[in-house]
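So you can see what is in the structure, the chains are spelled out below.
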Amino acid sequence: GKTLLGAAAVGQILQGWQRRSTGLVLWVVPNEAIYSQTLKALANRDHPYRQLLNVAGAGRVKVLEKNHPLTRQDVEGQLCVMLLMLAGANRRNKETLKFFADSGRVSGFLPREDDLAAHHALLQAVPNLDAYRSLGQTAEEARMQMGSVVKSSLGNVMRLVRPLVIIDEGHHAYSEGALQTLDGFNPCFLLELSATPRMPVAKKGVASSGSNLLANVHGTDLDAAEMI
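None of these values were measured; they are calculated from a predicted model.

Trainee: I'm lost on the overall build of the protein chain in this one. Help?
Mentor: Secondary structure summary: the protein chain contains 10 helices and nine strands in total. Buried positions account for 40% of the 228 residues belonging to the protein chain. Relative to all contacts within the protein chain whose residues are 6 or more apart in sequence, the contacts with residues 24 or more apart total 64%. On the protein chain, roughly 12700 Å² of surface is accessible, and the fraction owed to carbon and sulfur atoms is 53%.

Trainee: Teacher, can you tell me more about the environment of Val161 here?
Mentor: Structurally, Val161 is set in helix H8 (residues 154-161). Take Val161: its relative accessible area is 24%, and that puts it in the partly exposed class. Once residues within four sequence positions are removed from consideration, Val161 is found in contact with Leu24, Val75 and Phe109.

Trainee: Which parts of the structure should I look at to understand the environment of Ser107?
Mentor: Within the secondary structure layout, Ser107 lies in strand E5 (residues 106-107). Along the primary structure Ser107 and Gln73 are separated by 34 residues, whereas in three dimensions their C-alpha atoms are 9.1 Å apart. Sequence-distant contacts of Ser107, that is, excluding residues within four places in its chain, are made with Leu70, Thr71 and Arg72.

Trainee: Mind showing me how you'd approach the pattern of salt bridges here?
Mentor: Side chains bearing opposite charge may pair, as long as their charged atoms lie close to each other. Enumeration over the complete set of coordinates arrives at six salt bridges. Between Lys62 and Asp74 there is a salt bridge, with its nearest N and O atoms 3.4 Å apart. With Lys62 in strand E2 (residues 61-65) and Asp74 in helix H4 (residues 72-77), this residue pair connects regions lying 12 residues apart in the sequence. A salt bridge links Arg159 to Asp130; the nearest nitrogen and oxygen atoms lie 3.6 Å apart. Here Asp130 lies in the loop between helix H6 (116-125) and helix H7 (139-144) and Arg159 lies in helix H8, a separation of 29 residues in the sequence.

Trainee: Before we go on, may I ask you to explain the packing of helix H2 (residues 32-43) against helix H3 (residues 48-56) in this structure?
Mentor: Think of two packed helices as two axes; the pair is described by the angle between the axes and how far apart they sit. Running from N to C, H2 and H3 point in directions that differ by 55°, and their axes come no closer than 6 Å. Relative to H3, the element H2 is oriented oblique. In the packing of H2 onto H3, the handedness of the crossing is right-handed. Contact with H2, carried on its side by Ala41, Leu42 and Ala43, involves Tyr49, Arg50 and Leu53 of H3 and no other residues of that element. Of the residues that constitute the contact of H2 with H3, the class distribution is five nonpolar, no polar and one charged.

Trainee: What is the right way to read the nonpolar core from this model?
Mentor: Across soluble globular proteins, nonpolar side chains show a tendency to be buried alongside one another. In this structure, Val10, Val25, Trp27 and Val81 are the most contacted members of the largest nonpolar core, which totals 25 residues. Where this core is concerned, the elements lending two or more residues are helix H1 (2-16), strand E1 (23-29), H2, H3, E2, strand E4 (79-85), strand E6 (164-168) and strand E7 (189-193). Top element by residues in this core is H1. It accounts for five residues. Residues within four places of Trp27 in sequence aside, it is in contact with Thr3, Gly6, Ala7, Val10, Thr38, Leu42, Val81, Met82, Leu83, Leu84, Ile166 and Asp168. One finds Phe100, Phe109, Val157 and Ile167 within the second-largest nonpolar core, a separate group that totals 22 residues.

Trainee: Quick question: what am I supposed to make of the sheet that holds E6 here?
Mentor: To summarise the sheet geometry, strands pair through backbone hydrogen bonds and adopt either a parallel or an antiparallel arrangement. Read across the sheet, five strands follow the order E2-E4-E1-E6-E7 without closing on themselves; strand pairing throughout is parallel. Looking at which strands have only one partner, the edges of the open sheet turn out to be E2 and E7. Ignoring which end each strand starts from, the neighbouring axes of this sheet average 20° apart. Both E1 and E6 contribute to a ladder of four bridges, which runs parallel. Its bridge partner lying in E6, Trp27 is registered against Ile166.

Trainee: Got a minute to help me understand H3 in this structure?
Mentor: For an α-helix the count is 3.6 residues per turn, leaving residues at separations of three or four pointing the same way. Within H3 the residues assigned to the buried category are Tyr49, Arg50, Leu53 and Ala56. The buried residues of H3 occupy an angular sector of 110° when projected down its axis, which confines them to one face. In this structure, the buried residues of H3 make contact with H1, H2, E2 and E4. Immediately downstream of H3, the backbone of Ala58 shows phi near 55°, a positive value.

Trainee: Would you explain the pairing of E1 in this entry?
Mentor: The two faces of the sheet receive side chains in turn, since in a regular strand these alternate between them. Counting buried residues in E1 gives seven out of seven residues, a clear majority hidden from the surface. Neither face of E1 is exposed, since Gly23, Val25, Trp27 and Val29 on one face and Leu24, Leu26 and Val28 on the opposite face are all buried. One ladder, built from seven bridges, connects E1 with E4; its direction is parallel. In the strand pairing of E4, Val29 is matched with Met85.

The rules behind each value
- Residue numbers run consecutively from 1 along every chain, following the written order of its sequence.
- Residue-level local features of this predicted model are given only where pLDDT is at least 70; pairs of side-chain atoms are given and counted only at 80 or more, and the full residue set underlies all totals for whole chains, interfaces and linings.
- Calculation of side-chain values draws on the structure's entire complement of heavy atoms; hydrogens and water are dropped beforehand.
- Numbering goes from the N terminus for both helices and strands, where a helix is a DSSP run of H or I of at least four residues and a strand is a run of E of at least two.
- Any residue under 20% of the maximum accessible area for its type is buried, any over 50% is exposed, and the rest in between are partly exposed; the area is computed with a 1.4 Å probe on protein chains only.
- We call two residues in contact when some of their heavy atoms are within 4.5 Å.
- Reported accessibility uses the Shrake-Rupley method at a 1.4 Å probe radius. Residues are deemed covered only where the shown protein chains occlude them.
- For salt bridges, the criterion is a side-chain nitrogen of Lys or Arg within 4 Å of an Asp or Glu carboxyl oxygen.
- Note on method: axes are straight lines fitted to C-alpha atoms, helices fitted across the in-contact stretch only, with angles between N-to-C directions ranging 0 to 180 degrees.
- Convention used here: angles under 35 degrees read as roughly parallel, angles over 145 as roughly antiparallel, angles from 65 to 115 as roughly perpendicular, and any remaining angle as oblique.
- A clockwise turn of the near helix away from the far one marks a right-handed crossing, whereas an anticlockwise turn of less than a right angle marks a left-handed crossing.
- Ten residue types, Ala, Val, Leu, Ile, Met, Phe, Trp, Tyr, Cys and Pro, are classed as nonpolar, four, Asp, Glu, Lys and Arg, as charged, and the remainder, Gly among them, as polar.
- In these notes, a set of buried Ala, Val, Leu, Ile, Met, Phe, Trp, Tyr and Cys residues joined through side-chain atoms within 4.5 Å is what counts as a nonpolar core.
- Two strands qualify as a pair provided DSSP detects at least 2 bridges between them.
- Each direction from the helix axis to a C-beta atom contributes to the arc, which is the arc of those directions.

If you want it as structure tokens, here you go:
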């Protein structure tokens, strides 16, 4: 049911709020089993999940994995849905740093490498972009220094296009590293789907961060609707 809600929400958020049918949706899942199931469903043009996405994207939908090529024309002309396992986006996992490394699979999102003024302006506009750094140079120093070049990485593309992020089984994304990674994608909207959302807990008079509940369906309601 959560995947169905996620697919239906894409159109509601993009068309109803942002008034567009193109762009990038980053669909985050917690493990390989859910990844395979979701990919198979979204790639099947006859599946109800895909049909909901086709409505949201006015029939122009492209389902991607992180190793697939991605161009600016794709994002501007289609609704691109990229699947990603949470571990694959976590900066703390050394095996997955390729997501943030320079890649020839993304093109058209950055200025020419010799247009240093444009790269500098981009770093001022989007401060958390990764740029090449000299030995011993901090990220902030690279951002402020004229001559720095932004890396052509999938991670940087996310930060530039500000994707709609769908998090399936969102309670798996509560580690500090996972939350920082997802927030670092500069999402335009972050939708969590979870049977066990994290509830805010007051600590010394200050409420801690938790799930912002947009909709809540109880098990008794599902049972009454014969969905169990």
